[in-house]
Amino acid sequence: MGAGNEGAGEVVAAGESAAAQALLGRTVASFAGEMYAQFRCVPVAQCVPLPANVTPVQGASCFVNPMTVLGIVETARAEGHAALMHTAAASNLGQMLNRVCLEDRLDLVNIVRSDDQERLLRSQGARFVCNSAAPSFDESLSAAIAATNATIAFDAIGGGGLADRILAAMEAVQARKATGYSLYGTSTRKQLYIYGALDTSPTILRRNYGAAWGIAGWLLPQFMQRVGPETVARMQRRVMDGLLTTFASHYAEEISLADALDVGEIMRYAQRATNRKVLIDPQKSRD
Ligand SMILES: NC(=O)c1ccc[n+]([C@@H]2O[C@H](COP(=O)([O-])OP(=O)(O)OC[C@H]3O[C@@H](n4cnc5c(N)ncnc54)[C@H](OP(=O)(O)O)[C@@H]3O)[C@@H](O)[C@H]2O)c1
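A brief structural summary. (Residues numbered from 1 in each chain as written. Predicted model: local features only at pLDDT ≥ 70, side-chain atom pairs only at ≥ 80, totals over all residues. Heavy atoms only, no water.)

**So, the pattern of salt bridges**
And then number 1: As enumerated under the stated definition, the model contains 12 salt bridges in all.
And then number 2: In this structure, the salt-bridge partner of Arg 238 is Asp 104, at a minimum N-O distance of 2.9 Å. Of this pair, Arg 238 sits in helix H9 (residues 229–241) while Asp 104 sits in helix H4 (residues 92–104), placing them 134 residues apart in sequence.
And then number 3: Overall, the relative accessible area of 27% leaves Arg 238 in the partly exposed class.
And then number 4: With its nearest N and O atoms 3.1 Å apart, the salt bridge here joins Glu 118 to Arg 122. On the criterion of helical spacing, the pair formed by Glu 118 and Arg 122 is a turn pair, its members being 4 residues apart in helix H5 (residues 115–123). (Salt bridge = Lys/Arg side-chain N within 4 Å of Asp/Glu carboxyl O. Helix = DSSP H or I, 4+ residues; strand = E, 2+ residues; numbered from the N terminus. Buried < 20%, exposed > 50% of the residue type's maximum accessible area, 1.4 Å probe, protein only.)

**Topic: H4**
And then number 1: With 13 residues, H4 should reach 18 Å at 1.5 Å per residue; the first-to-last C-alpha distance of 19 Å fits that figure.
And then number 2: Along H4, the residues classified as buried are Asn 92, Leu 93, Gly 94, Gln 95, Met 96, Leu 97, Asn 98, Val 100 and Cys 101.
And then number 3: Of the residues flanking the end of H4, it is Arg 105, one or two places downstream, whose phi is positive at about 50°. (Expected span 1.5 Å × (residues − 1).)

**Observations concerning unusual backbone geometry**
And then number 1: Notably, Arg 207 is not glycine yet its phi reads approximately 60°, a positive angle.
And then number 2: Tracing the sequence through the fold places Arg 207 in the loop between strand E10 (199–203) and strand E11 (213–217).
And then number 3: Overall, Arg 207 belongs to the exposed group, its relative accessible area being 56%.

**Remarks on a nonpolar patch on the surface**
And then number 1: The grouping of Tyr 181, Leu 183 and Tyr 184 at the surface amounts to a nonpolar patch, some 480 Å² of accessible area in total.
And then number 2: Of note, Tyr 181 is situated in the loop between helix H7 (162–177) and strand E9 (190–194). (Patch = residues over 30% accessible without salt bridge, like charges linked within 9 Å, V, L, I, M, F, W, Y side chains within 5 Å. Areas by Shrake-Rupley, 256 points an atom, 1.4 Å probe, with all protein chains shown as cover.)

**Quick notes on the nonpolar core**
And then number 1: By size, the foremost hydrophobic cluster in this structure holds 35 residues, and its most contacted members are Cys 62, Leu 84, Leu 97 and Phe 154.
And then number 2: If you list the elements that add at least two residues to this core, you get helix H3 (64–78), H4, strand E7 (152–155), helix H8 (220–227) and H9.
And then number 3: The element contributing the most residues to this core is H3, with 6 residues.
And then number 4: Sequence-distant contacts of Leu 97, that is, excluding residues within four places in its chain, are made with Val 69, Ile 72, Val 73, Leu 84, His 86 and Leu 108.
And then number 5: By size, the runner-up hydrophobic cluster in this structure holds 22 residues, among which are Val 109, Phe 137, Leu 162 and Ala 168. (Core = buried A, V, L, I, M, F, W, Y, C linked by side-chain atoms within 4.5 Å. Contact = heavy atoms within 4.5 Å.)

The values are spatial; any link to function lies outside them.
Next comes the structure, spelled out in structure tokens:
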């Protein structure tokens with residue numbers, strides 16, 4: 001299987017078209033797949049020229065996480081939600097989402113699983129951070145939902161009972177505001193998108209949140225197809241404008257292509273832990 005969703009590099013050869021020739025010598029990024037390679041031939045339409053001051057390392061992750069963050073915000077807005085919630089929120093993507101929400105003045109409830117992660121996000125300006133490992137989690141979650149009126153959540157974890165607790169907390173907050181009792185719960189729509197699988201165990205739902213709720217999968221390529229090229233281009237322009245700031249990814253280390261196939265290395269870089277992202281540099285020789 002060709003691996004590697006995205007990458008960036010210098011154009012060293014190009015086809016005859018004027019558009020392709022114009023890219024010769026430029027640094028471009030691509031989301032064409034099979035990007036873990038020293039050389040990759042991709043259609044010109046799938047190349048995004050990076051600004052002149054951006055290196056391949058800085059542009060290597062300019063699609064998946066940045067566009068997902070903007071896609072999450074677009075989805076929340078299009079569905080009419082006032083604020084949103086996010087799990088595994090200290091992830092690379094979560095820190096980016098926090099920066100975008102601060103820029104857009106959109107309330108974000110961050111759910112993390114340790115004190116360190118809570119400190120990390122608060123040091124980056126996050127106002128609402130709930131630690132699922134703390135005994136006071138349910139109260140802090142309810143307080144954050146009440147303060148923001150969040151009715152949509154994006155869940156990168158998927159397995160276990162957290163999605164259920166989020167929906168239950170949303171409904172409990174809405175029920176407090178209800179003027180009368182209904183057997184079917186409140187009529188406020190509560191939505192949760194599972195967009196990651198950090199926990200591959202079954203998703204446990206107790207369904208104690210009435211009838212106005214939904215759970216669905218969420219995937220960037222499907223979202224881009226749904227919203228169409230104009231919205232995608234607008235999102236991409238914003239990413240390019242903030243590539244070295246809002247949308248910057250940080251790497252704990254850089255490894256070679258050969259290292260990427262080493263079982264010991266795989267065990268390390270497959271951990272998906274906070275601030276431990278590894279960059280594959282295909283031009284690097286093996287350590
Ligand atoms: N659907 C899409 O289109 C799409 C696009 C992009 C990314 N994603 C998803 O977005 C998520 C974040 O990506 P990323 O690259 O930003 O990740 P990342 O930087 O590697 O961070 C992963 C985070 O998840 C936490 N975590 C790992 N396992 C967990 C578990 N079982 N329960 C709770 N937290 C857990 C880690 O915390 P610890 O340090 O405590 O382990 C860490 O903070 C991933 O699930 C990825 O698949 C989805």
